[in-house]
Protein chains: 6
Amino acid sequence: MSELTHFKDGAPHMVDVSEKTPTKREAVAEAFVKLPKEAMDALEHGGVGKGDPLTVAQLAGIMAAKKTSELIPLCHPIPLSSVDVKLERVPDGVRIVSSARTTDRTGVEMEALTAASVAALTVYDMLKAVSKGIEITRIRLLSKTGGKSGDWHADTEDVQ
Amino acid sequence: MSELTHFKDGAPHMVDVSEKTPTKREAVAEAFVKLPKEAMDALEHGGVGKGDPLTVAQLAGIMAAKKTSELIPLCHPIPLSSVDVKLERVPDGVRIVSSARTTDRTGVEMEALTAASVAALTVYDMLKAVSKGIEITRIRLLSKTGGKSGDWHADTEDVQ
Amino acid sequence: MSELTHFKDGAPHMVDVSEKTPTKREAVAEAFVKLPKEAMDALEHGGVGKGDPLTVAQLAGIMAAKKTSELIPLCHPIPLSSVDVKLERVPDGVRIVSSARTTDRTGVEMEALTAASVAALTVYDMLKAVSKGIEITRIRLLSKTGGKSGDWHADTEDVQ
Amino acid sequence: MSELTHFKDGAPHMVDVSEKTPTKREAVAEAFVKLPKEAMDALEHGGVGKGDPLTVAQLAGIMAAKKTSELIPLCHPIPLSSVDVKLERVPDGVRIVSSARTTDRTGVEMEALTAASVAALTVYDMLKAVSKGIEITRIRLLSKTGGKSGDWHADTEDVQ
Amino acid sequence: MSELTHFKDGAPHMVDVSEKTPTKREAVAEAFVKLPKEAMDALEHGGVGKGDPLTVAQLAGIMAAKKTSELIPLCHPIPLSSVDVKLERVPDGVRIVSSARTTDRTGVEMEALTAASVAALTVYDMLKAVSKGIEITRIRLLSKTGGKSGDWHADTEDVQ
Amino acid sequence: MSELTHFKDGAPHMVDVSEKTPTKREAVAEAFVKLPKEAMDALEHGGVGKGDPLTVAQLAGIMAAKKTSELIPLCHPIPLSSVDVKLERVPDGVRIVSSARTTDRTGVEMEALTAASVAALTVYDMLKAVSKGIEITRIRLLSKTGGKSGDWHADTEDVQ
């Protein structure tokens, strides 16, 4: 019978991880921002020089990973040991891959997913004046390693 | 020629809106969280009693709207006059519709999108122990009203 | 029939104030921290010189007022035009009176109450190594002026 | 002679805990919100359906525990391993009991007290449109375990 | 006789600006980061490609401006209408010029100064592995316009 | 060849410290605020009684140290074990010395520098109504101990 670990006696709580041993953990997530043609063009010709929209989005993603426990009500505050966010222009948009690592009592899936999501929202923000038809079409976990529940990888054929 | 308003001389900046007149503005956004069967079941039978996962996600979305300008680097801080986030179980997941309003010099699209995104991430967090195959499959703007650039609505046939 | 304005169709939301006109508003709140004798003594002889515990608590209260909408889920972000927090040693503890002002579409009761509460918690923190028997025995609104619902004052004979 | 540990040479500082060994620690706190009859009635008949005021307050308390070191100037940032907040309707109001745990060099009393206080303020916020006579009449520590200074429990006959 | 506006009856408070009329205001500030030769070289040859250290610092400055009232205890929260931060390599380091604008009851000097300071600290952070001899050698206001106290400009011959 | 550790393949990232062993680390930094005569006089005669401007600045510095990883984009969140900020009136201004300690995988230079910088900005804020000619003329690291890269001290003759 499946169980919601974030609920105890029918009420939400922050799961007690105090009996767990800190181990090295990593999570990798992705997000995809689908851009109409005019937004792709603007991205291509836009921010030249000292910075470009993808760098802004990358930093937003890194900084958001550090805010995960402020945003997701029942997440534990986690001392992240690294965060990486990569953005890549693909034929019809921008693909984002983020990773987070820690040595702690709980995993960092939400940190990786939050980084990818906020990077995607920032791409949206940079380009929304050009096109209102932008969509974030996929946010998901790609892999998770470390921790008692074992490693997990998304179906590889499924990875874009 | 399309133009990135968040870039000036090739460098990112926060657009100057000081010459604009405050007007009433609203934006509506949606997000969709696709749940594998075991996650749907857990959601159905899970948090009974004082709260349920969708209420946690709803509050997370409302609170995240207020953090938009902290998350999206070039967003203006905006005094929101209302935020609404609704979550609804649909056949294969959860649909989220969020709206934000203000009377200000700039729009609230990012506030509505951030609310929907963080609500979706919170649904993910509540159910991730049950299934790792959860995906957020769509985040987009549904409508935008007020402001100089005029009203905009997503194609209605396109709305789920 | 009484009504919870923060709930609509059974779900929490941030009340829409966009139709209201901004007016000048003020709220005054108080908190009382009851101190056992050893804590009173420590407060008396403690932080001499450049600062004392009450100044730390006062600043904590002022800064907390600015965080009210981050702490109270359905509060609107409000551009405060002033915050005042006063702490006074009374025979068996510390009395805190806080006030907040704004010119906005909604009131600042929660800002004044949050300032008083966090100032009280800070007094607790400064003195908890000396005594564990400290209690915050009263937090309440003293007055509220401005806004459509009219002025309100706590019963005066009731004010300490 | 009692001593204010947060003060050194007459000036406030964040106590140096670097020589301490991390140990498992827990603190339990309570808060009581006294509700006039009309507020009790509204609470009873109010938020039916997807959420109720006590769930909103519960989440606010959990999230506030994570913000303790931002609110209380001299508190250490602490990686919480769990937070629990329970709210219960009692004859003349709402009783809140919160607990916080960590494995760290310093205790979590302020985290438990902050969770209880912000949950109480949120109950206030949800019901303040119904009655201005609401008061938070008691916030205190119930117990503290772990750490060099030993365990401590409030007088049991004193616990409501 | 000079007077500390942030103090009233000997205690700090947030100045009451509720009687003031909102007017358009701007402040411009600068910071200078002095770099030893090895740090200058690293900056020259370092972050090529998608981003460079100065873009990271620029975004940090813009985002910090929005956090000014969280950092400076007695600052009012201000709805900024624009923030600009420019970084320029000069012979022996990096010069930062920041500007902030609002239409509000109080000025934005602290917002401009905070943006410049945090951009400077970020340059430091990016280059500190290369050289420990980096110094921030000047942070100051360049100009201030709008508001009752009138316009002000730093001595021009004094501007680097 | 010098290398920017915060950049990988030309893009900024948060350095992976997961392979490092936690060790005790300390950093000491200083800042100097140069005050024109009228500001020195105001500081001398200003905040008498319950608090003075230097106490406000001291607390602002301590609290800012805890926000370092929110402000500096690529800094790791660090569980600080102590923060100390001292402010001293010297002939032509205020000298600030800050120190930060942790037992972690990475150093606390940025925490000490951020504390000193925000304390300096707060001194500026308290006195800016008295004089616009205030400047922060030096922010730098004084020493750094612990960690693999070894101890480091600024040239002593160079210390004011």
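Here we summarise the structure given alongside this text. (Residues numbered from 1 in each chain as written. Chains lettered and ligands numbered in written order. Predicted model: local features only at pLDDT ≥ 70, side-chain atom pairs only at ≥ 80, totals over all residues. Heavy atoms only, no water.)

**A word on the relation of the copies chain F and chain E**
Thinking step 1. Overlay of chain F on chain E (RMSD 0.0 Å): rotation 180 degrees, translation along the axis 0.0 Å. Such a combination of turn and shift is consistent with a two-fold rotation axis. Closest approach to the rotation axis within chain F is made by the C-alpha atom of T137(F), at a distance of 2.5 Å.
Thinking step 2. A symmetric contact is evident, with 100% of the interface residues of chain F recurring at the interface of chain E. (Least-squares fit on C-alpha atoms with pLDDT ≥ 70 in both. Contact = heavy atoms within 4.5 Å.)

**Some thoughts on the relation of the copies chain A and chain B**
Here the second copy of the chain follows from the first by a rotation about an axis and a shift along it.
Thinking step 1. Superposing chain A onto chain B takes a rotation of 180 degrees combined with a translation of 0.0 Å along the rotation axis, leaving an RMSD of 0.0 Å.
Thinking step 2. Mapped onto chain B, 98% of the interface residues of chain A again fall at the interface, so both copies present the same surface.

**What about the interface of chain F and chain E?**
Thinking step 1. On the chain E side, the residues contacting the 59 residues of chain F number 59 residues.
Thinking step 2. Regarding the contact of chain F and chain E, the summed buried area is about 4600 Å², with carbon and sulfur atoms giving 71% of it.
Thinking step 3. Three residues, L4(F), L121(F) and K132(F), lead the burial of chain F against chain E; their summed loss comes to 14% of the area buried on that side.
Thinking step 4. Summed over the shared surface of chain F and chain E, the result is six salt bridges.
Thinking step 5. K67(F) is the partner of E70(E) in a salt bridge, and the nearest nitrogen-oxygen pair spans 2.8 Å.
Thinking step 6. Listed by contribution, the elements that provide at least two residues to the side of chain F that touches chain E are β2 (11-12), α1 (37-45), α2 (53-65), α3 (68-71), α4 (109-127) and β6 (135-145) of chain F.
Thinking step 7. Ranked by the residues each element gives to the side of chain F that touches chain E, the list is headed by α4(F), at 12 residues. (Buried area = accessible area lost by both parts, 1.4 Å probe. Salt bridge = Lys/Arg side-chain N within 4 Å of Asp/Glu carboxyl O. Helix = DSSP H or I, 4+ residues; strand = E, 2+ residues; numbered from the N terminus.)

**Side note on the packing of helix α4 (residues 109-127) of chain E against α4(F)**
Thinking step 1. It is the contact of α4(E) with α4(F), at a shortest axis distance of 11 Å, that shows an interaxial angle of 160 degrees. With respect to their mutual orientation, α4(E) and α4(F) come out roughly antiparallel. You can see that α4(E) and α4(F) cross each other, and the crossing is right-handed. Contacts between α4(E) and α4(F) pair M110(E), L113(E), T114(E), S117(E), L121(E), Y124(E) and D125(E) from the former with M110(F), L113(F), T114(F), S117(F), L121(F), Y124(F) and D125(F) from the latter.
Thinking step 2. Per-class residue counts for the contact of α4(E) with α4(F) are eight nonpolar, four polar and two charged. (Axes fitted to C-alpha atoms, helices over the stretch in contact; angles between N-to-C directions. Parallel < 35°, antiparallel > 145°, perpendicular 65-115°, else oblique. Left-handed = near helix turned anticlockwise from the far one by under 90°. Nonpolar A, V, L, I, M, F, W, Y, C, P; charged D, E, K, R; others polar.)

**Section: the pattern of salt bridges**
Thinking step 1. In this structure the tally under the stated criterion is 96 salt bridges over all chains.
Thinking step 2. We note a salt bridge from R101(B) to D16(C), for which the minimum N-O separation is 2.2 Å. Taken together, the residues span two chains, with R101(B) in strand β5 (residues 93-104) and D16(C) in the loop between β2 (11-12) and β3 (23-34).
Thinking step 3. Note on D16(C): relative accessible area 32%, which makes it partly exposed.
Thinking step 4. Put simply, K8(D) and D84(F) hold a salt bridge, and the shortest N to O gap is 2.9 Å. You can see K8(D) sitting in strand β1 (residues 7-8) and its partner D84(F) sitting in strand β4 (residues 80-90), one on each of two chains. (Buried < 20%, exposed > 50% of the residue type's maximum accessible area, 1.4 Å probe, protein only.)

**Digging into α4(E)**
Thinking step 1. For α4(E), spanning 19 residues, the distance from its first C-alpha to its last is 27 Å, which sits close to the expected 27 Å at 1.5 Å a residue.
Thinking step 2. With 19 of 19 residues buried, α4(E) lies mostly within the body of the structure. (Expected span 1.5 Å × (residues − 1).)

**Overview of the environment of D155(D)**
Thinking step 1. Structurally, the position occupied by D155(D) is in the segment after β7 (152-153).
Thinking step 2. Measuring from C-alpha to C-alpha, the distance between D155(D) and S143(D) comes to 9.5 Å, with 12 residues separating the pair along the chain.

**Some details on the pairing of strand β6 (residues 135-145) of chain D**
All names here are of chain D.
Thinking step 1. For β6, the buried fraction is high: nine of the 11 residues fall into the buried class.
Thinking step 2. Direction of pairing for strand β3 (residues 23-34) relative to β6: antiparallel, over a ladder of nine bridges. Each bridged residue has a counterpart across the sheet, and for E26 the counterpart in β6 is T145.
Thinking step 3. Pairing of β6 with β7 involves two bridges; the strand directions are antiparallel. Residue S143 lies in a different strand from β7, and its bridge partner there is H153.
Thinking step 4. Once β6 ends, the chain turns through six residues before running back antiparallel as β7, passing G146 with a positive phi of about 90 degrees. (Pairing = 2+ DSSP bridges.)

**What to know about the interface of chain A and chain B**
Thinking step 1. If you look at the interface, chain A gives 59 residues, while chain B gives 58 residues.
Thinking step 2. Between chain A and chain B the total buried area reaches about 4600 Å² when both faces are included, carbon and sulfur atoms providing 71% of it.
Thinking step 3. Broken down residue by residue, the surface that chain A buries against chain B is led by L4(A), L121(A) and K132(A), which jointly contribute 14%.
Thinking step 4. Here chain A is connected to chain B by six salt bridges.
Thinking step 5. For R140(B), the salt bridge identified is with E135(A), shortest N-O distance 3.9 Å.
Thinking step 6. Across the contact surface, chain A and chain B share eight residue pairs in polar contact (both at pLDDT 80 or more).
Thinking step 7. Sorting elements by how many residues they give to the side of chain A that touches chain B places helix α4 (residues 109-127) of chain A first, with 12 residues.
Thinking step 8. Of the residues contributing to the side of chain A that touches chain B, the split by class is 30 nonpolar, 13 polar and 16 charged.
Thinking step 9. Here strand β6 (residues 135-145) of chain A pairs with strand β6 (residues 135-145) of chain B via four bridges, running antiparallel. Residue pairing in the sheet places R140(A) in a bridge with E135(B) of β6(B). (Polar contact = N/O pair within 3.5 Å; in protein donor to acceptor, adjacent residues only side chain to side chain.)

**Notes on the environment of L127(C)**
Residue and element names in this part refer to chain C.
Thinking step 1. Position of L127 relative to the elements: it lies in helix α4 (residues 109-127).
Thinking step 2. Look at L127 and you get buried, because its relative accessible area is 0%.
Thinking step 3. Measuring from C-alpha to C-alpha, the distance between L127 and T145 comes to 34 Å, with 18 residues separating the pair along the chain.

**A short note on the packing of helix α2 (residues 53-65) of chain C against α2(F)**
Each packed pair of helices is defined by two parameters, the angle between the axes and the distance between the axes.
Thinking step 1. Where α2(C) meets α2(F), the closest approach of the two axes is 11 Å, and the angle between their N-to-C directions is 60 degrees. Taken together, the axes of α2(C) and α2(F) are oblique relative to one another. As for how α2(C) packs across α2(F), the hand of that crossing is right-handed. In contact with T55(C), V56(C), L59(C) and M63(C) of α2(C), α2(F) contributes T55(F), V56(F), L59(F) and M63(F).
Thinking step 2. Class assignment for the residues of the contact of α2(C) with α2(F) results in six nonpolar, two polar and no charged.

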